[in-house]
Every structure is written in C-alpha cells, then in structure tokens.
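Chain residues, written in single-letter form:
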Amino acid sequence: MSDVIDEVIPQSLADRGVKPARPPKRRSKGGRVSRRVYVFLALAVVVSVFPLYYMFVIASAGATAVTSIPPRMYPGTQFFDVAAKVFDTVPFFASLMNSVFVSLTIAVVSAIMCAMAGFAFAKLQFPGRNLLFLIVLLTMTVPAQLSVIPQYLIVSGLDWVDTLQAIIVPGLASAFGIFWMRQHMATTVSDELIQSARIDGANSWQMFWAIAFPVVRPAAFVLGLITFTGVWNDFMWPFIVLKSPELFTVQIALKQLQANRTIDVALAMGGSFLATLPLLIVFFFVGRRMVSGIMDGAFKG
Amino acid sequence: MKRSSTAIIATAAALAVALTGCSSSGGGATSADPNAEVSFWSFTGINAKDSVNEYAKKVPGAKVKLTEVGSTTETATALTAALAGGKVPDLVMIQNDDLPKFVENSSNFIDLRTLGGDNIAHDYLGWAAGAATATDGSIIGIPTDVGGLGFAYRADLFEKAGLPTKPDEVAAMWKDWPSFIAMGRKYTAATGKPFVDNIETSVFFSTVNQVSEKYYSPDGKLVYDTNPQVKDAFDVAVKTHDAGISAGIAAWSSGWAPGRANGAFAVTVAPSWMLKGIKTDAPNTAGKWRIASVPGVGGNWGGSVIAIPARAEHPEAAWQYIKTMMSAEGQTDHFTQSGTFPAATSAVASQSVLDYTDPFFGDSKIGKVMATSVQKFPSFYNGPDTTPINGALLNTLVQLEAGGVTSDKAWATALHSAKQAIGG
Amino acid sequence: MSTATATLSRKQRKDPVQKATRIRNPLSERIAPYAYVAPFFIIFLVFGLFPLIFTFYVSLFDWNPIGKQTFVGLRNFEQLFADGRFWNALLNTFGIFLISTIPQLLLALFLAHLLNHARLRWANFFRMALLVPYITSVAATAIVFAQIFDKNFGFINWVLGLFGLPSVNFLASNFGSWILISAMVMWRWFGYNTLLYLAGLQSMPREMFEAASVDGASSWQQFRHLTIPSLRPIIVFSVIMSTIGGLQIFTEPLLVAPESGLTCGAGRQCQTLSLFLYEQGFGLFKFGYGSAIGVVLFVIVVLVSLLNFFLSTRTRKAR
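Keep in mind that this is a model prediction, so the values were computed, not measured.

## A look at the overall build of chain A
So, step 1. Counting its secondary structure elements, chain A contains 13 helices and zero strands.
So, step 2. Going from the N terminus to the C terminus, chain A shows its helices and strands as α-α-α-α-α-α-α-α-α-α-α-α-α.
So, step 3. Here chain A, with 301 residues, has 48% of them falling under the buried criterion.
So, step 4. Within chain A, counting contacts between residues at least 6 apart in sequence, those at least 24 apart form 72% of the total.

As structure tokens, then:
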C-alpha cells in the first residue's frame, strides 16, 4: 500500500524475473489469513468427509433411517448389528484378507521393480534407453481397460481365471511407478556417489541395493502407499476375473452386498464403511507422508 | 544382438505360454465316484444351502461344495466366463431367461441322456423340460423349479377403496386385463394413490407370457416386431400407464421395498420365489397381503434348470445330486421351505402343494394359484435373443414411466432398441 | 531365460575374488540395465501391448467365447457406427467428463490458492482431510452417492425441498445422471488435484505473492495473474490425466443404478463407453463387438492425447 512499493511491484510482477525486495515477514500482509479462507477450507473439509460420515450414519441408525424425511443426520447404535450382517451375508473377512494380500504383494513387489527400472533409466547408460522410457511414458496414457477382452483371453489361456495371480501379475507393471522412481532417482541419488562406487568395483546390482535404493526408500514407500490404495480400490479387472465369493476382493464383495435381490441400503452402506475403514486407519498414520509424496511427485513431474 | 534377443525370447516364451494355454485348458480326468465332492454354483436368495443339507442327510457320505455366485444374471455370466476358459463347477443352476444361449451351444454341457436323463425328463412340465432341450435332442438341464405366478394385493387397502378383498372375488373381478385397468381406476379414484407398482414387471411380464407365440415363431424365426400378440401385450402395459394407476416404481429400485411396506401401491406381481422378499421387505404388513391369480390366469416368471458342464470333474456325483434332489418329492419339500415352485408334474398336482398357504398372506391358497398358472402357461419357442428383446421392451416401459418416452412413441422406441440389442 | 541367468551370475560375483574379472569383462554390466527394466516390459508385453494389438484382431470377428468365431471383416464397426447405443455412450462419456472436470479443476485451483497462504494454521489437517475422498473406493463412493441423490429419500432432494424446489429423479435423464456421476468423480479427485496445484504454487517463490499482496493486489488479481499462469503446465497435465480417467469411468455407472443391470438406467441414461464395452463383452459375451468398442476407445485416446499435445505446445509458445 505504501507508495514506494506501489511503484516497484507492478513491474516486477510484469516481467516476473525480478524479485522484489522482501519486506520483513511479520509486517507483510501475506502473513495474515482472513477468516473467510478458513470458512472456505472448512466447507471443503466437510464436503470431503460427509459421504463417509453418512455411510456410518445410515449403517448405524437402523432400518427406518434410510426412508426417513428429513434424512437422518446423526449415528445410531446398531452399527455392530449391521457389521455382523455384512460378515454374514458375504464372506467379508475372506474378502478383506484377499484385498490385504493382493494390495500388499503388488505394492511391495511393484515398488521394488519400479525402483530397479527407475534406477536403470536414471543412472545407467544403455542403448535404447530413451526409446524404452518413451514407451513407458506412452503406456501411461493408454487405459488398459480398452483391451480387457484379450486380457481375459490370455488369463483364461493361462488357466488363471478365478485366481488371485490374475490380479497380482498384471498389476505389477506400473508405468507410473517407473516414471515416479526415475524422477526420484534422478534428483536424489548423486552421480558422484554412483561414480565412486563404480571405481571401487561395485557392480550395478550392488550400486542399486547399497547406494541408490536406501536413498529413495521414502519415495518407494509413498509409491507403495499409492499403489496399495489403487489396488485396494480397483474394481473392473477383479470384477471380471474373480468368480468365487471366497476369492473376492473387498470391492467385489461390496458389489455383491449391494446387488442382493432386495436392496438393503443399510447393509450396503455398512459394507462400504467397513471396506474403507482399513485404509482410513492406515491413512491416519501415514497420511502426512502420502500428502507430501503426492505433492513431491507433482512438483517433479 | 544378443542383448535385445534376450527380451524378445523371454516375451515370446511368455506369449507362447499364454497362447498355447488357450487350447490346452480343459480336459482333465473325470471321476466316476458318485460320492466325490461336487462343486455346485447356485444363485443367492433361493436357499440352496437347505437343499445341500437335505442332500447330505439323504445320501450319507456325499459331499457338496456350494457357492452362491450372485444374482441369476451374475451366475450365468460367471458360468459363461468359466466355460470360455477357467475352472467349471460340476453342477450349475441356470435361470430360464439365460438358458437359450447355453442351449444354443449345447456342447458345453453333458448331454444328460448319457446319464439317463431321458428317463426322467418327462416327469417335468413339458415346456420347462423343453426349454433345456437342444435342437439335436440333447438334454442339457433338468428343471429345478418354475416361476408360478400370482398377484399379491393389499386386502386392507382394497377394503378402504371399496373393492372386494377375498382372492376368489378379486380374481373374478380382474378376469382380464381391461377389467384390471378398470379396477385400478376405481382404486385410484377412491384413494388418490396408484394401484400397481409398475407396468413393466407387474403388467408386461404377465401379459407377454400369455401368448401362444412370443418373439420367435415355432420354427425359430424372429417375429417379435410383427407378432400382434407381442404388440397387444405391450399395449396393455402402455394403457395401464395411461390410466394413471401405476406408481412407476421399478422392481428393485430404491422406492420398491419401502413401497411394499408403506402402501405406495396395492398390487404387485408375485412369482412364488418373490413371496419371501415381500415378507422381509414389509414385515409390518403381515396378514394384510393376499395372493390371487393374475388377470388371464396363466403365467410364469423365472424358474431354473440344473446342468452339468462338459468339463465337470465329477459328472457321476453331480448326476446323483440331480436325481436325488430333483425328484417330485424333493422339489415339493424345497417349495414349502423356500418358496421356489416345483417343476415336476406330479409335484405340481400334489395335495401338499395345492394346499400350501401362508398366514402372512392371509392364508390365501398360494399353492393352488401358482399351480394353475404354470399349468395354463402356454409354451412357445424361446431363442438366444429372447432375453435381449425382453430387456429392450421392458426398459422402454421403464422409460415411459420415468417420462423419457411418450405413450404413442413407446412401441416404436421399443422395437428400435430391441433391434439394436440383437444387432440387426 | 537368459535374463534370469544374468541376474544369478551377478549375484554370485559378490565374491570379491571375482571383482577383477568383472571389470575386464563387463558383459553382465552391459546386460544389467535390461534386466532391471525387463520385468516391466515382459508383463507389459503379455498383459498390455499384446492385448492391445489382439483387440484389433478380435474386433474383426464375430467371437463367441463359448461358441464359434467367424471372421466378419469390418462389419462390427459398421454396426457400431450405426448403433444408437454407441453414440449415446459416447455422448454420456464426454458429458460426464466435461461436467466433472471443469468445475473440479477450478475448485482445486481455488482451494490450492487458499491453502498456499503462508501463515495458514492447521495446514496439514486441511491437506489430509482433502485427501480422504481419494482413499475411498469408487464402489463405496457410488453406493453412498446413490443414496445421497436418491429421488425419494436422498439428502440432496431434501435440501431442494427446503428451498421449495420439486425433487429430482437424477437417474431418469441423461443430464441428471451426468450430474450424479460427475459429483462422484469430482468428490473423489478434487482434493488430489488441489494438492497437485498446491505443490505447483509452492514451487514458486512465495515472495511473489507476498509482494503482490503488499502491493494491494486483491486475492482475485493474484489468482488471475499469478496463480493460473504459473500453474499452466500442471493444469495441462491434470487435464490429460482427467481425460484419460474420464474415458475409463466404469464403476460409478455400474453401481449407481444396480436395478438396471449393465445399462445404467432403462434408457441407458448414464451408460459410458467403458460400461458399454463391458456389457457387450462380458454381459452378452460378444467379444468381437466389445473389442470394436475397445478399438474406438483407443482411437479416441490417441486423438485426445494429440490434441492435448498441440494445445500444450501452443500455450508454451504463447508464453
């Protein structure tokens, strides 16, 4: 507001190269956050959380809550009854275990696979490297599901229909993961370190495990989290290849809960909440790392 | 050279495994042990567990591994997927709507004549057994049940509207569809509320199955677009809509179950397997519902057969299950326990079926109503496209009720989407 | 096969005695990079590239997985382009894409702008809370949104009723069901995109914003002249990702109207291309026809990617 700054700033904004002299932070207006900002953010938080809350309300409030007007807005006491019914109607516990097994396997194996490939693309020289990396980038933009029919033919040719490996093996190849790990390898693993290891006679395998991987382990962990979330929530492919209820992942079990001949809304809502709960718990502990991981990835991309 | 060939060879090997696997799947040794563990795919909601337990009691030492795959459609989808490549069950239930496309490719199933099926096939209602017989005479399934049809109505609401309440009187009053619509007008005028839940499942499913020829001519030609009987059946549904007596609540949509409980409509179609659903959806209406014959009387909705896939591991054991449980006596027992109506001719005519009543439905003569409907059910040829055509006509009626189509355009729209559905 | 042996031999060479030989004979070192990327490419070839090519092949057949396979040339495509259901699905896919993407990205920009305040308290709480939808599965989202938007007992219709508005049967019309599905898509992704944009903003010197506010630039002016231009690359990236995601919308329309099976409404009001592909391929087991839909989807992806590519290079030049 002061006239002096008024003269300086517009130009500096216009050509954006010049940094204005930095005024002392305490006095700067940028430091004060207006109440309106908090109101908007709080609204966004309410919108984010409301559907989950609503699942719990309907699941816990008993049969009449679904058809009450005005809609019921506070939870009841019957959540455990509905939860018991969920476990009774479909093999929900087995589904949870299947989801944990599949998600965890893919998350861990694929994170290591992607770290290896990312290491090769970022730190090793080899003929065809750029072409291969271009292919990786291109595969990111082609949705796999447009070729589900041949994928199904292949899986049935391998006799993998209705097995968990039909989900795990194709799920291991993650173009996004390779891209992600390559960016982290390129920016956080120093070339000097690699060079000196090479001079010391380390082979590339040792360089990867002893030097590169420990440095990018946090990034690999976040990648694993993102992969875990993605696999846990995946629907279409498991829906196509899994046929026996005892092999269902939790999302497919949800579909079955919902499709019961006469729709029991509370049951479906209870199932939805229970299917989300494990991730919510994980998120409670590692959410901050996930947030910063996603922001990190965006910045590097 | 060597480096790049590495990847190519590895890939080719993987692809080879994938491709050769296509042709090598299947086969496998079959076992003739009648007490080998039978894997059995059934639907949810028909209490297959009871049958399996009953079987274990009847045949000591027999083992059945039951899987309730999902809805009838989901089970058919899973079965197709398994037949295309995957582990098939030894026994599988197929709902009648899904049956034609399996019958058309009958080599996927064991011809039950080889196990003695031709000796028992004539024990079942002719049209039910005929639906599971391929053109070459092979029998791919034995009828487990049929969808005996009645209308469920709320006697208490009828009384308030000044309509008769006893099933016989009600059935006499709606002896044909014009009288049904007239009755609905009376009800709606008196109460201000819709009479029937919807026109597609409650009206059209009933009318379109009271024909002598449906979507195909007896020699298997598509006639759905020219057959006047189909158009008439469709028109009854449209007229019901135009009369303003339908609530427009589609079956299994969100308002349906609550509507059964809160009187949003007074009449709903009630194939025997659905009676249980009315009880669970509307427990507070116990004693208020009645079951009467549908207008025009004959009818069937649903029903299934049980089949043995060609690649089944234990066909003998599977056949033992069918022989034991699909007897007239076995089907009668299952009807009284879980509501699926028997397909065996002698069971349909048996006293214990005819006398079946339920206090929830005011002790209406459920067994008698259902038996009459399946006995009067006309038989007609169903082809592989029967279900898609049915779905297209049905969906047009749903749209009509939702306001997406007008009454005068409904038939044209229905034909158009049926044509698309069968890809012609 | 030989990739596996290469890996093995490298493991054995951890023995220090062999170090000298390796430096002289670095064949394994030259193969190693390929071994690192091989797992991805093998799986990609078998489950990605090969199926993609095979889709084109199957699309030329009348392919019944439990019956016959007959070569029909381009007949599936002729039929597809004459099929009203296909155009309907295409329209729905793009309708949902437009309604869900544009407001979502604007909202995300706005929220990112708010979150970028230097002195914001509880910043981590806000960020985490905004990511909650992202960890909720599409299936659960569809189930709860179907209830929130229910025509009889839904929360939204109750709110409309408070304002004296008639209740809306969202699933009855194309446009209504687009709104319903778009709401799910928006809800799941707006927080994620907010974080992407926030990351972009934070990579800019904060002084720029501080200086601007000191200068008296209003929040809106900052947003318009600082936030948007500097985020352009990330915005282009997120538009590409949303487009590709939009073409894959499947679970929402499948689960939001369970009573109508695979069509999402009796009149296919919200059947997307992916769901149409599934209906033909795995509902009716018309593998050839379904693959033809897959081929068309592929062509659309290529066209959209090219369009995005040209747009982004143009904006880069414009700057």
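So, next bit.
## Concerning the overall build of chain C
So, step 1. Helix and strand counts for chain C come out as 15 helices and two strands.
So, step 2. Against the 2.2 N^0.38 benchmark of 20 Å for 319 residues, chain C shows a C-alpha radius of gyration of 26 Å, more extended than a compact globule.
So, step 3. In terms of overall dimensions, chain C has C-alpha extents of about 85 × 70 × 40 Å along its principal axes.
So, step 4. A burial count over chain C gives 52% of its 319 residues as buried.
So, step 5. Summarising the internal contacts of chain C: among those between residues at least 6 apart in sequence, 68% fall at separations of at least 24.

## Remarks on the domain arrangement of chain A
So, step 1. Along its sequence, chain A is carved into domain 1 (3–77) and domain 2 (85–300).
So, step 2. Contacts between the two partners involve seven residues from domain 1 of chain A, matched on the other side by seven residues from domain 2 of chain A.

## As for the interface of chain A and chain C
So, step 1. At the interface, 93 residues of chain A touch 92 residues of chain C.
So, step 2. A total of 17 residues in the side of chain A that touches chain C trace back to one element, the largest contributor, which is helix H13 (residues 265–300) of chain A.
So, step 3. Its residues placed into classes, the side of chain A that touches chain C shows 64 nonpolar, 22 polar and seven charged.

## Notes on the domain arrangement of chain C
So, step 1. In terms of domain boundaries, chain C breaks down into domain 1 (2–58) and domain 2 (79–318).
So, step 2. Between the C-alpha centres of domain 1 of chain C and domain 2 of chain C the distance comes to 39 Å.

## Focus on the pairing of strand S3 (residues 91–95) of chain B
All names here are of chain B.
So, step 1. With respect to burial, S3 is a largely interior element, five of its five residues being buried.
So, step 2. Covered by surrounding structure in S3 are Leu91, Met93 and Gln95 together with Val92 and Ile94, the residues of both alternating faces.
So, step 3. Note: strand S1 (residues 38–43) against S3, two bridges, orientation parallel. The residue bridging Phe40 from the neighbouring strand is Leu91, located in S3.
So, step 4. Looking at chain direction, S3 and strand S7 (residues 300–307) are connected through four bridges and run antiparallel. Paired with Met93 across the strands is Ile306, a residue of S7.

## Looking at the packing of helix H19 (residues 386–402) of chain B against helix H20 (residues 407–421) of chain B
All names here are of chain B.
So, step 1. The geometry of H19 relative to H20 is characterised by a closest axis approach of 8 Å and an angle of 150° between their N-to-C directions. Taken as a pair, H19 and H20 cross one another with a handedness that is right-handed. Across from Pro388, Ile389, Gly391, Ala392, Leu393, Asn395, Thr396 and Leu400 in H19, the residues of H20 making contact are Ser407, Ala410, Thr413, Ala414, Ser417, Ala418 and Ala421.
So, step 2. Residues that form the contact of H19 with H20 fall into these classes: nine nonpolar, six polar and no charged.

## Quick look at helix H10 (residues 200–207) of chain B
So, step 1. Of all eight residues in H10 of chain B, eight are buried; the element is thus mostly enclosed.
So, step 2. The set of residues buried in H10 of chain B consists of Glu200, Thr201, Ser202, Val203, Phe204, Phe205, Ser206 and Thr207 of chain B.

## A word on the confidence of the model for chain A
So, step 1. With 87% of its residues at a pLDDT of 70 or more, chain A shows a mean pLDDT of 83.
So, step 2. In this model residues 1–29 of chain A is a low-confidence stretch, pLDDT under 50, and it forms 27 contacts with partners more than four residues away in sequence or in other chains.

## Considerations on the nonpolar core
So, step 1. If you look at the biggest cluster of nonpolar residues, it comprises 319 residues, and the most contacted ones within it are Ile58 of chain A together with Phe204 of chain B.
So, step 2. Here this core gets 16 residues from one element, more than from any other, and that element is helix H10 (residues 174–202) of chain C.
So, step 3. Discounting chain neighbours no more than four positions away, the residues touching Phe204 of chain B are Ile199, Ala233, Phe234, Ala237, Leu393, Leu394 and Leu397 of chain B.
So, step 4. Counting six residues, the second-largest nonpolar core is a separate cluster that includes Phe209, Ala211, Ala217 and Leu226 of chain C.

## Digging into helix H6 (residues 148–157) of chain A
Residues and elements named next belong to chain A.
So, step 1. Within H6, ten of the ten residues are buried, leaving the element largely enclosed by the surrounding structure.
So, step 2. Those residues of H6 that sit buried are Val148, Ile149, Pro150, Gln151, Tyr152, Leu153, Ile154, Val155, Ser156 and Gly157.
So, step 3. Phi turns positive one or two residues past the end of H6, at Asp159, with a value near 65°.

## Let's talk about the packing of helix H2 (residues 48–58) of chain B against helix H14 (residues 315–325) of chain B
Residues and elements named next belong to chain B.
So, step 1. For the pair H2 and H14, the least separation of the axes is 11 Å and the interaxial angle reads 95°. As far as their axial angle goes, H14 and H2 are roughly perpendicular. From H2, Ser51, Tyr55 and Lys58 reach across to H14, where they touch Tyr321, Thr324 and Met325.
So, step 2. Along the lines of polarity and charge, the residues of the contact of H2 with H14 split into three nonpolar, two polar and one charged.

## Some details on the confidence of the model for chain C
Residues and elements named next belong to chain C.
So, step 1. When pLDDT is averaged along chain C, the result is 84, and 90% of the positions lie at 70 or above.
So, step 2. The secondary-structure element of chain C with the lowest mean pLDDT is helix H1 (residues 2–12), recorded at 41, while helix H4 (residues 75–81) shows the highest, at 95.
So, step 3. Below a pLDDT of 50 lies the segment residues 1–25, which in the model reaches 23 contacts outside its immediate sequence neighbourhood of four places, other chains included.
So, step 4. Listed scores for the predicted complex are pTM 0.85 and ipTM 0.84.

## Some remarks on the environment of Leu311 of chain C
So, step 1. Its location among the elements puts Leu311 of chain C in helix H15 (residues 287–318).
So, step 2. Once the C-alpha coordinates of Leu311 of chain C and Val236 of chain C are considered, the two residues, 75 residues apart in sequence, prove to be 8.6 Å apart.

## Some points on unusual backbone geometry
So, step 1. One non-glycine residue, Asp363 of chain B, lies in positive phi territory at about 55°.
So, step 2. Within the secondary structure layout, Asp363 of chain B lies in the loop between helix H17 (351–354) and helix H18 (366–375).
So, step 3. On the basis of neighbour counts, which here come to 13 C-beta atoms within 10 Å, the residue Asp363 of chain B falls in the partly exposed class.
So, step 4. Although it is not a glycine, Phe285 of chain C sits at a positive phi angle of roughly 55°.
So, step 5. Residue placement: Phe285 of chain C occurs in the loop between helix H14 (273–283) and H15.

## As for the environment of Phe228 of chain A
Residues and elements named next belong to chain A.
So, step 1. Its location among the elements puts Phe228 in helix H10 (residues 204–233).
So, step 2. Overall, the presence of 25 C-beta atoms within 10 Å leaves Phe228 in the buried class.
So, step 3. Beyond its immediate sequence surroundings of up to four residues, Phe228 is in contact with Ser103, Leu104 and Ala107.

## Describing the pairing of S7 of chain B
All names here are of chain B.
So, step 1. With respect to burial, S7 is a largely interior element, eight of its eight residues being buried.
So, step 2. Where strand S4 (residues 141–154) meets S7, six bridges bridge the pair, whose relative direction is antiparallel. Bridge pairing in S7 links Pro143 to Val305.

Calculation notes
As a convention, each chain's residues are numbered from 1 in the sequence order in which they are written. The lettering of chains begins at A and the numbering of ligands begins at 1, in the order of writing. pLDDT decides what is reported in this predicted model: residues at 70 or higher carry local features, side-chain atom pairs at 80 or more are listed and counted, and totals for whole chains, interfaces and linings draw on all residues regardless. Numbering of helices and strands runs from the N terminus, with a helix taken as a DSSP run of H or I at least four residues long and a strand as a DSSP run of E at least two residues long. Neighbour density around each residue's C-beta defines its exposure: 20 or more other C-beta atoms within 10 Å make it buried, 12 or fewer make it exposed, and counts between make it partly exposed, where C-beta atoms are placed from the backbone. This entry defines residue contacts through backbone-placed C-beta atoms, with two residues in contact when those atoms are within 7 Å. C-alpha atoms define the radius of gyration, and 2.2 Å times the number of residues to the power 0.38 defines the globule rule. Boundary definitions for the domains trace back to an automatic or database domain assignment. For this classification, Asp, Glu, Lys and Arg are treated as charged, while Ala, Val, Leu, Ile, Met, Phe, Trp, Tyr, Cys and Pro are nonpolar and the rest, including Gly, are polar. The criterion for strand pairing is that DSSP finds at least two bridges linking the strands in question. Working convention: axes come from line fits to C-alpha atoms, limited for helices to the stretch in contact. Angles between N-to-C directions cover 0 to 180 degrees. Handedness of a helix crossing follows the sense of rotation of the near helix relative to the far helix, less than a right angle counterclockwise being left-handed and clockwise being right-handed. Each residue carries a pLDDT score, the predictor's own confidence in it, on a scale running from 0 to 100. Each nonpolar core comprises buried Ala, Val, Leu, Ile, Met, Phe, Trp, Tyr and Cys residues, the members being joined through C-beta atoms within 7 Å. For this classification, under 35 degrees means roughly parallel, over 145 means roughly antiparallel, 65 to 115 means roughly perpendicular, and everything else is oblique.

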